[in-house]
Amino acid sequence: MAEAMRLAQLAYEDGEIPVGAVVTAGEKIIGKGYNQTEKLNDVTAHAEMIAITAAADHLGSKYLVDCTLYVTLEPCVMCAGALYWSQMKRVVYAAPDIKRGFSLLGKPILHPKTRVTTGIMGAESQDLLLKFFRTLRT
């Protein structure tokens, strides 16, 4: 999660919503990304999508059944759909997204075999997000 937070900081410095993500296989990072929707003018350029694509490219497979995604903010429904199709083994997210997170649907959206862990470095992630949005409002 520390690497995902470092990537979130890069997003912040680029004027993007500060979300970072890494995909691991075992202890090795095989994909990483941070939000680049403004930079790329692409609403799908979320940290998770970029990290999933990089990991799939690294493995030469669209399935990430033995991988873990670490992300600083709860994935949105779009990213959760990509996680479903990739069959990600585990998703670890730092902070909940109370406005757009996939859990707001109130029903399972991830693959049935995907395990979810929350709250790791949650305070740090929320602090960076709050700092970003406060800056926008001033």
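Residues numbered from 1 in each chain as written. Predicted model: local features only at pLDDT ≥ 70, side-chain atom pairs only at ≥ 80, totals over all residues. Heavy atoms only, no water.

**A short note on the pattern of salt bridges**
At step 1: Tallying each qualifying case throughout the model produces two salt bridges.
At step 2: For E3, the salt bridge goes to K32, with nearest N and O atoms at 3.3 Å. Taken together, the residues span a long stretch of sequence, with E3 in helix α1 (residues 2–13) and K32 in strand β2 (residues 28–34) at a distance of 29 residues.
At step 3: Members of the salt-bridge network, linked through shared partners, are E3, R6 and K32. (Salt bridge = Lys/Arg side-chain N within 4 Å of Asp/Glu carboxyl O. Helix = DSSP H or I, 4+ residues; strand = E, 2+ residues; numbered from the N terminus.)

**Describing the packing of α1 against helix α5 (residues 122–137)**
At step 1: The geometry of α1 relative to α5 is characterised by a closest axis approach of 11 Å and an angle of 5° between their N-to-C directions. On the basis of their axis angle, the class for α1 and α5 is roughly parallel. Of the residues in α5, those touching α1 at M5, A8, Q9 and Y12 are E124, S125, L128, K131, F132 and T135.
At step 2: Grouping the constituent residues of the contact of α1 with α5 by class yields five nonpolar, three polar and two charged. (Axes fitted to C-alpha atoms, helices over the stretch in contact; angles between N-to-C directions. Parallel < 35°, antiparallel > 145°, perpendicular 65-115°, else oblique. Contact = heavy atoms within 4.5 Å. Nonpolar A, V, L, I, M, F, W, Y, C, P; charged D, E, K, R; others polar.)

**Some points on helix α3 (residues 47–59)**
At step 1: For α3, which comprises 13 residues, the first-to-last C-alpha distance of 18 Å matches the rise-based estimate of 18 Å (1.5 Å per residue) to within 8%.
At step 2: Among all positions in α3, only A47, E48, A51, I52, A55 and A56 are buried. Along the long axis of α3, the arc covered by the buried residues comes to 155°, so they all point the same way. Exposed and oriented more than 90 degrees from the buried face of α3 are T53 and D57.
At step 3: The inward-facing, buried residues of α3 abut β1 (20–25), β2, β3 (67–73) and α4 (77–86).
At step 4: G60 sits one or two positions beyond α3 and adopts a positive phi of about 70°. (Expected span 1.5 Å × (residues − 1). Buried < 20%, exposed > 50% of the residue type's maximum accessible area, 1.4 Å probe, protein only. Arc of directions from axis to C-beta.)

**Considerations on the UniProt feature "active site" (unreviewed entry) in the chain**
At step 1: The UniProt record annotates "active site" (unreviewed entry) at E48.
At step 2: Sequence-distant contacts of E48, defined by excluding residues within four places in its chain, comprise V19, A21, L69, V71, L73, P75, C76 and C79. (UniProt positions renumbered as here; feature names shortened; annotations may be inferred.)

**Some details on the layout of surface pockets**
At step 1: In this structure, the largest pocket spans a volume of roughly 770 Å³.
At step 2: Every residue lining the largest pocket is counted, 25 residues in all, and those nearest its centre are I17, L73, D97, L129 and F133.
At step 3: With six residues, α5 is the single largest residue contributor to the lining of the largest pocket.
At step 4: Residues belonging to the lining of the largest pocket are distributed by class as follows: 12 nonpolar, five polar and eight charged. (1 Å grid on protein atoms, 1.4 Å probe; cavity = no way out; pocket = protein on both sides within 12 Å on 5 of 7 lines; lining within 4 Å. Points joined across faces, edges and corners; volume = space filled by probe spheres on them.)

**Quick look at the pairing of β3**
Within a regular beta strand, the side chains point alternately toward one face of the sheet and then the other, so they alternate between its two faces.
At step 1: Across the seven residues of β3, six count as buried, placing the element largely inside the fold.
At step 2: Of the pairings in the sheet, the one linking β1 to β3 comprises five bridges and is antiparallel in character. The partner of V22 across the bridge, within β3, is Y70.
At step 3: For the crossover from β3 across α4 to strand β4 (residues 90–95), the handedness is right-handed. (Pairing = 2+ DSSP bridges. Right-handed = clockwise from strand over helix to strand, strands pointing away.)

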